[in-house]
Amino acid sequence: MCTYNTEKIEVTGSGKAAKGWFSLSHAAVYVDHPVHAPFAHTVNIDFINPGEGPSARVPVELTEEAARELAAAIHRALDAAPAGLASVNQP
Amino acid sequence: MTDAMRAETITIAGDGGTEIEAYLAKPLDEQPRGGVVVIHHMPGYDAATKEIVRKFAVNGYNALCPNLYSREAPGADPDDAAAAARALGGVPDDRLVGDVDGAATYLKGLDNANGKIGVIGYCSGGRQTFLAACSLQIDAAVDCYGAFVVNDPPAQMPPTMKPILGLAPRLSCPLLGLFGADDQYPTPDETAKLADELNRLGKDHEFHTYDGAGHAFFSVDRPSYRPEAAKQGWQRVFEFFGKNLAR
């Protein structure tokens, strides 16, 4: 099925696509058909900067298990570091 | 008689006269040919869709697929273009109709055109096919598992995706519907409601729902591919266009 639903957030950071590194402005998260992963549906995450054009995109296509584990790993990594160390207002 | 064909990227006038990219495939002999507008699925104007366009040319039709994401992502990879269009909320309905109209006009202008136009679309393109067939004067339409023609979409859907059953009185041509019994968007219940409404209106239609198939069963490059349903479906498509696009 095509879900069409998209969670879109603003992000600050950088990503690397075919043309090299670029500043990110948004991330889009959606459960839908992948382009490459060998599954009917995956959790797709696009790190993008529409201002830099459609090719300024770092996509990943993850299984549900992988996406949940990634989310948990992000929390563990942040919890293990001093609070605010990677904040946009970092010391 | 020859089986030679030509396939290439061209520029056509889309909605509002805006130049958009499109993929054309046509037989090279001089027989009069019907034209088929192919509306690509939501993942975009990709290699598999271009293969479908060529398949129509192999089977004797001039076929043209407008890149519906030309404006958002000119020259981008199909997957990047689809992601960009998705992030912007999808293709507006009125612009889609204008782009299909532009593609039909281009096909009618070809030297070997017989004047007949069919439209076929997959996934989101299935809904867009119904939209085009209710908005333009065409000769045959094939809806391959288009959702949200009848039912309201889930919350959080982009505002471009609204049910369009109310357009059914304006359906301008016979409609072939090809659906999967296991599909959730559209469910067999939704396509049955569409059939009921077309029956009530006396609109010519022919629906087939394939057991063991879900959404996107025509997609040869995806795990959703179901060879049995796809083979039977293609047979229906060519019978249907053979009947309705001949002159």
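Criteria and cut-off values
- Residues numbered from 1 in each chain as written.
- Chains lettered and ligands numbered in written order.
- Predicted model: local features only at pLDDT ≥ 70, side-chain atom pairs only at ≥ 80, totals over all residues.
- Heavy atoms only, no water.
- Contact = heavy atoms within 4.5 Å.
- Buried area = accessible area lost by both parts, 1.4 Å probe.
- Salt bridge = Lys/Arg side-chain N within 4 Å of Asp/Glu carboxyl O.
- Pairing = 2+ DSSP bridges.
- Helix = DSSP H or I, 4+ residues; strand = E, 2+ residues; numbered from the N terminus.
- Polar contact = N/O pair within 3.5 Å; in protein donor to acceptor, adjacent residues only side chain to side chain.
- Buried < 20%, exposed > 50% of the residue type's maximum accessible area, 1.4 Å probe, protein only.

Colleague: Tell me what's going on with the interface of chain B and chain A, and back it up with residues and numbers.
Modeller: Contacts between chain B and chain A engage 23 residues on the former and 21 residues on the latter. Between chain B and chain A lies a buried interface of about 1900 Å² when both sides are counted; carbon and sulfur atoms form 61% of it. The interface formed by chain B and chain A holds three salt bridges in total. With a closest N to O distance of 3.1 Å, Arg86 of chain B and Asp32 of chain A form a salt bridge.

Colleague: Could you give an account of the pairing of strand β2 (residues 19-27) of chain B, with specific residues and numbers?
Modeller: Residue and element names in this part refer to chain B. The pairing of strand β1 (residues 5-13) with β2 spans nine bridges and is classified as antiparallel. Within β2, the residue paired with Arg6 across the bridge is Lys26. Here β1 hands over to β2 after five residues, with Gly16 in that stretch at a positive phi of 70 degrees. Two elements, β2 and strand β4 (residues 62-66), share four bridges in a ladder whose sense is antiparallel. From the neighbouring strand, Ala25 faces β4, where its bridge partner is Ala63.

Colleague: Describe the side chain of Arg127 of chain B, with residues and values.
Modeller: All names here are of chain B. Within the fold, Arg127 resides in helix α4 (residues 124-135). Here the side chain of Arg127 touches Asp93 through a polar contact of 2.9 Å, side chain to side chain. Not counting residues up to four positions away in its chain, the partners in contact with Arg127 are Asp93, Asp143, Gly146, Ala147, Phe148, Val149, Thr160, Met161, Lys162 and Ile164.

Colleague: Go over unusual backbone geometry, please, and point to the residues and values.
Modeller: Residues and elements named next belong to chain B. With an omega of 10 degrees, the peptide bond between Tyr185 and Pro186 qualifies as cis. Along the chain, Pro186 turns up in the loop between β7 (175-180) and α5 (188-201). Phi at Tyr145 is positive, roughly 45 degrees, even though this residue is not glycine. Relative to the helices and strands, Tyr145 is located in the loop between β6 (140-144) and β7. Overall, the relative accessible area of 1% leaves Tyr145 in the buried class. The phi torsion at Phe148 lies on the positive side, around 65 degrees, for a residue other than glycine. Of note, Phe148 is situated in the loop between β6 and β7.

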